[in-house]
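Take a look at the letters that make up each chain.
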Amino acid sequence: MTTLDRPPVAASEPATTPAAPAADTAAPRPETKVRLGGVTPEDVFTVAGALVGSLALNWMLYERVLPFSGVFGFLVCWYVLFLGGYFALGLLQWGKLMVRDRLVSVVAWSSGLLVVALISDQIWYVAIQGWEAAQHVNFFTESMERTAALSPITSGGALNAIVGSLEQLGLATLFAVPLGVAAAVFMSEVGGRMAKPVRTLVEAMTALPSIVAGLFILGIFIITFGFDKSGFAASLALTVMMMPIVTRAAEVVIRLVPGTLREASYALGGSQWRTVWNVVLPTARPGLMTAVVLGMARGVGETSPVLLTSGFTSQFNGDPFHEHQVSLPLYIWNYVKQPYDAMVARAFAAGLSLMVIVLILFVTARVLGGRKPGELTRRQKRRIDREARRAEAGARAARPAGAVGPAMARTASAPAHPTVPLPGNS
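Rules behind the numbers
Numbering of residues starts from 1 in every chain and runs along the sequence as written. A pLDDT threshold of at least 70 governs which residues receive local features in this predicted model, and a stricter bar of 80 or more applies before side-chain atom pairs are shown or counted, although totals over entire chains, interfaces and linings include all residues. Remark: hydrogens and water are excluded; side-chain values derive from all non-hydrogen atoms of the structure. We call Phe, Tyr and Trp rings a pair once their centres come within 6.5 Å, taking the six-membered ring for Trp, and we label the pair stacked below 30 degrees between planes, edge-to-face above 60, and tilted otherwise. Counting from the N terminus, the helices are the DSSP runs of H or I reaching at least four residues and the strands are the DSSP runs of E reaching at least two. A 1.4 Å probe rolled over the protein chains alone gives each residue an accessible area, and that area as a share of the maximum for its type sets the label: buried under 20%, exposed over 50%, partly exposed in between. Whether a charge lies above a ring is judged from NZ of Lys or CZ of Arg, which has to be within 6 Å of the ring centre and within 35 degrees of the ring normal. Predictor confidence is given residue by residue as pLDDT, running from a minimum of 0 to a maximum of 100. In this analysis, two residues are considered to be in contact whenever any of their non-hydrogen atoms come within 4.5 Å of each other. By definition here, a salt bridge exists when the distance from a side-chain nitrogen of Lys or Arg to a carboxyl oxygen of Asp or Glu is within 4 Å. Each nonpolar core is a collection of buried residues, namely Ala, Val, Leu, Ile, Met, Phe, Trp, Tyr and Cys, held together in the definition by side-chain atoms within 4.5 Å. Lines fitted to the C-alpha atoms define the axes, with helices restricted to the stretch that makes contact. Angles between their N-to-C directions range from 0 to 180 degrees. Here is the rule for handedness: rotate from the far helix to the near one, and if that takes an anticlockwise turn smaller than a right angle the crossing is left-handed, while a clockwise turn gives right-handed. Following the grouping adopted for this structure description, the nonpolar residues are Ala, Val, Leu, Ile, Met, Phe, Trp, Tyr, Cys and Pro, the charged ones are Asp, Glu, Lys and Arg, and the polar ones are all others, Gly among them. Multiply 1.5 Å by the residue count of a helix minus one, and that product is the helix's expected span.

Scanning the entire structure with this criterion turns up 13 aromatic pairs. Consider the rings of Tyr62 and Phe74, whose centres lie 5.6 Å apart with planes at 80 degrees: the pair is edge-to-face. Here Tyr62, found in helix α1 (residues 41-65), pairs with Phe74, found in helix α2 (residues 71-91); they are 12 residues apart in sequence, far enough to count as distant. No difference in accessibility class separates Tyr62 from Phe74, as the two residues are buried. Summarising the aromatic geometry, the rings of Tyr79 and Phe82 are spaced 6.5 Å apart at their centres and angled 40 degrees between planes, so their arrangement reads as tilted. Here Tyr79 and its partner Phe82 are both found in helix α2, 3 residues apart, which amounts to about one turn of the helix. Using a relative accessible area of 32% as the deciding quantity, one classes Tyr79 as partly exposed. Joined through ring pairs, the aromatic side chains of Phe175, Phe221, Phe227, Phe232 and Phe321 make up one cluster. The lysine or arginine in question, Arg102, covers the ring of Trp94, its NZ or CZ lying 4.2 Å from the ring centre. The positively charged end of Lys337 is found above the aromatic ring belonging to Trp333, 3.7 Å away from the centroid.

Of all residues in the chain, 83% attain a pLDDT of 70 or more, and the chain-wide mean is 83. Across residues 1-5 the pLDDT falls below 50, and counting only partners more than four positions away or on other chains, this stretch makes 1 contact in the model. Every residue in residues 9-15 scores below 50 in pLDDT, and together they form 3 contacts with partners more than four places removed in sequence or on other chains.

With the rule as written, the count across this model stands at 6 salt bridges. Arg102 serves as the salt-bridge partner of Asp43, at 2.2 Å between the closest nitrogen and oxygen. In this pair, Asp43 is assigned in helix α1 and Arg102 in helix α3 (residues 96-134), connecting sequence segments 59 residues apart. Glu392 is the salt-bridge partner of Arg396, the closest N and O atoms lying 2.8 Å from each other. One end of the pair, Arg396, and the other, Glu392, are both in helix α15 (residues 378-398), 4 residues apart, so they sit about a helical turn from each other. Linked through salt bridges whose partners overlap, the residues forming this network are Arg199, Glu251 and Arg255.

Moving on: the nonpolar core. Core analysis: the biggest nonpolar cluster contains 48 residues, and Phe139, Met242, Ile254, Leu281, Leu328 and Tyr331 have the highest contact counts within it. Broken down by secondary-structure element, the contributors of at least two residues to this core are α3, α5 (159-190), α8 (231-255), α10 (272-283), α11 (285-300), α13 (328-335) and α14 (341-369). The element best represented in this core is α14, accounting for 10 residues. With residues up to four places along the chain from it excluded, the contact list for Met242 reads Leu169, Ala172, Thr173, Ala176, Gly295, Met296 and Gly299. Ranked by size, the runner-up nonpolar core spans 9 residues in total, among them Ile217, Phe221, Ile222 and Ala237.

Below, the discussion takes up the packing of helix α9 (residues 259-267) against α10. Packing of α9 against α10 brings their axes to within 10 Å, and their N-to-C directions diverge by 145 degrees. Read as a crossing pair, α9 and α10 show a hand that is right-handed. Contacts between α9 and α10 involve Leu261, Arg262, Ser265 and Tyr266 from the former and Gln272, Thr275, Val279, Val280 and Thr283 from the latter. When its residues are assigned to classes, the contact of α9 with α10 shows 4 nonpolar, 4 polar and 1 charged.

As a further point, take α2. Counted at 1.5 Å a residue, the expected span for α2 with its 21 residues is 30 Å, and the 30 Å between its end C-alpha atoms agrees. Taken as a whole, α2 has its buried residues at Phe74, Phe82, Leu83, Tyr86 and Gly90. Here the buried face of α2 lies against α1 and α3.

With respect to the element layout, Ser327 can be found in the loop between α12 (304-309) and α13. Given the relative accessible area of 3%, Ser327 is considered buried. Leave out the neighbours within four places in its chain, and Ser327 touches Ala161, Ser165, Gln168 and Val306.

Moving on: unusual backbone geometry. Positive phi outside glycine occurs at Glu323, with the angle close to 65 degrees. Examined against the element boundaries, Glu323 turns out to sit in the loop between α12 and α13.

See below:
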């Protein structure tokens, strides 16, 4: 008998409970998670064994058998023997393809750790050498105007150099970023006959020595037009150094924007200018911020262009358009070569301050360019929420006292207990 042939169930009969599953039906097995990647105990023991074995073999060959000496050569030979030992131990456990893959992973990890170790060593050395001067507040609040060579470390500071570096870098960024981004947009979006010569010129300027940029501004801006050495002239020299870096990086980022976004903008009637301004540049914003940071990192540590264009002074000068103005790289170059411990300590403290400034610039750029295109900030989200609440409150206030909302009207019109007719009832 099929389901349609069965007679209807009477209303007085209780509802039948669902049939229990058959006893012979097997319960589903729990899912087993497959872990991709990660580090296993075999990997750890293999690396440790290769490190210890290569160290012992390297010590025996380097110190007892071969006529070599020196720490650098010892470390290089140890690393080569470690890679060979790891490859040999891997062949005993895994296949050749897996051994090659893990050997490349070990090389990548060791290279990254080496870079981090070198950077940490540089920061630690500069911090140790400059902490004697950086721990005093006067280093950040005074200049070297009234400080002699034999003055104590509690006298003088680098306030004039810090202010000079920030002003020169700010002016150079103000000049280089719009020019660089505009050149990148021209080469990637506009094109034409002039795109190739502009790209060739930008590539040539990328490899331009920094002292040539300083000589260019010295010959054109100072000697030819008769302007004095100042922070503004130094910012022009830094602009020559920063602009090709920003242009090259911005061009690569703009070319990575999908062409479908441009086509969608054109299909909606947008012009090329509005497409670039409202679609291409917002989409490439994180990459453009990285390009700006690369340019600023190139310009903030330049010494030779600043030496030729800004001059050196121990006095505080907050006006970059008049008279000489010193910067942190020039401050370091002038005082680190002096035979006085206090001066050398001030130079290393200035180097530490320069590192902190670069770190702040990088963090700021990542915060500003880290959001996705179209993603709202927290302040924008809070403002939208406030406006929505105000609009809702205004709508409630304008509604009559006896009126109800659409949702409440639908709820009131619906029956409280709907009845469902059962089969067999009349």
